[in-house]
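# Close look at the chain arrangement
Listed below are the residues making up each chain.
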Amino acid sequence: MDIQKEINEIKGFKNLELLAKQVVEGFISGLHKSPFHGFSAEFAEHKIYNPGESTKHIDWKLFAKTDKLYTKRYEEETNLRCHLIIDNSSSMHYPNVKDFSINSLNKISFSALAAAAIMNLLKRQRDAVGLSIYSNEYEYYSSEMASERHHQQLLGKLNDSLTDDRKEVGTKTFTYLHEIADKIKRRSMVFLFTDMFQSDAEAERLFEALQHLKYNKHEVVLFHVYDQEKEVDFDFSNRPKRFVDVETGDHINLYAENIKENYEVAVKSYFNELKLRCGQYRIKYVPVDIKESFNSILTTYLIERQNFA
């Protein structure tokens, strides 16, 4: 067997789990500069002792080192449940990327790596995680579990989503959010990764679906992923170009400079509207440029985890 040839033929990330671990460890190393100072200390195996709890599982060796009381955590302990939702429509595969790496990401690979990083943190805390992947069909669903086998299965599904043929595949976010809301039986944190490309009518139905999740007592975070340079700043050379809607195949020929100013105003207005609507429904709205780091996503996770009760 030609091992190097096998490695070169691997689709998606060559090692999504390792990359996610590196993202998380880089993030944790900077926590001493943040409001989460101390979060990383032995957090994979311990939790802070609360007065009134049994002293049976206190780690006295760790107490001798830190002068703080921690209790050992066990495999079967699950204090939190999280469901990750990934939009896998054609627009999420923009821009076109051949070899995925930390420095070469499109919207779907950024979302997959961000989800894998959140999974890494959940795994360290022995918490349960589930996953949904959708486009114009419900491509994958798994309920929340905390086993290693389950973790590896979800990583595989995330990686598979990067390489599927996505030609003119639309999205029905509102349809599948309703289904997910019906499937999740216990209160959970729900993280949705999407580029929010839909018609005005569909946007209204999307917020109805998000309300369904909120009505079921879930905490909902909307990660709005986009390419700042192309999709927000509309930074294209002023040559005649054909712009194609990757979900419908519709196209238009134009000079980018002719519409750049109006486009930027419209996009800014749309982002502000999304933020306002999310605020009205108490949904955490987090705009994320795929060219930036994962810190805002992981910080949001920590904040939501601390507030989840």
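Residues numbered from 1 in each chain as written. Predicted model: local features only at pLDDT ≥ 70, side-chain atom pairs only at ≥ 80, totals over all residues. Heavy atoms only, no water.

## Comments concerning the sheet that holds strand E7 (residues 219-226)
The test is simple: What makes two strands pair is DSSP finding at least two bridges between them. Every helix listed is a DSSP run of H or I at least four residues long, and every strand listed is a run of E at least two residues long, numbered separately from the N terminus. Here, axes are lines fitted to C-alpha atoms. For helices the fit covers the stretch in contact, and angles between N-to-C directions go from 0 to 180 degrees.
On the basis of which strands lie adjacent, the open sheet formed by 6 strands has the order E5-E4-E3-E6-E7-E10 and mixed pairing. In the strand order of this sheet, the two ends are held by strand E5 (138-145) and strand E10 (284-289), each with one partner. Shown here is a sheet whose adjacent strand axes are inclined to one another by a mean of 15°, direction ignored. One ladder, built from 5 bridges, connects strand E3 (residues 81-87) with strand E6 (residues 189-194); its direction is parallel. Bridged to Cys82 within E6 is Met189.

## A short note on the environment of Ser89
Keep this limit in mind: Exposure classes here rest on a 1.4 Å probe applied to the protein chains alone. A residue is buried below 20% of its type maximum, exposed above 50%, and partly exposed in between.
Position of Ser89 among the secondary structure elements: in the loop between E3 and helix H4 (107-124). Residue classification places Ser89 among the buried positions, given a relative accessible area of 0%.

## Quick notes on the confidence of the model for the chain
For the record, the criterion: Confidence of the predictor at the level of single residues is captured by pLDDT, which takes values from 0 to 100. Only heavy atoms enter the contact rule, under which two residues are in contact if any of them lie within 4.5 Å.
Summary statistics for the chain give a mean pLDDT of 84 and a share of 85% for residues scoring 70 or more. The element-level mean pLDDT for the chain is lowest in helix H1 (residues 3-8), coming to 37, with E6 highest at 97. Contacts for the low-pLDDT stretch residues 1-10, under 50 throughout, to residues beyond four places or in other chains number 2 contacts. Confidence over residues 37-44 falls short of pLDDT 50; this stretch has 14 contacts with residues more than four positions distant or in other chains.

## So, the pattern of salt bridges
Selection criterion: Counted as salt bridges are all cases of a side-chain nitrogen of Lys or Arg within 4 Å of a carboxyl oxygen of Asp or Glu.
Within this structure, the stated rule accounts for 12 salt bridges. Between Lys214 and Glu219 there is a salt bridge whose closest N-O contact spans 3.7 Å. Glu219 gets classed as partly exposed once you look at its relative accessible area, which sits at 26%. When the shortest N-O distance is used, the salt bridge between Lys260 and Glu264 registers 3.1 Å. Placement of both Lys260 and Glu264 in helix H9 (residues 256-280) is noted, with a separation of 4 residues, approximately one turn of the helix.

## A look at H9
Threshold: How far a helix is expected to stretch is found by multiplying one less than its residue total by 1.5 Å. To obtain the bend at a residue, axes are fitted to the seven residues ending there and to the seven starting there, and the angle between these axes is taken.
Between the first and last C-alpha of H9 there are 35 Å, a value that for 25 residues agrees with the 36 Å anticipated at 1.5 Å per step. The largest bend in H9 is about 35°, located at Asn262. Inspection of H9 places Ala256, Val267, Phe271, Leu274, Arg277 and Cys278 among the buried residues, and these make up the whole buried set. After H9 finishes, the residue Arg282 shows a positive phi value of roughly 60°.

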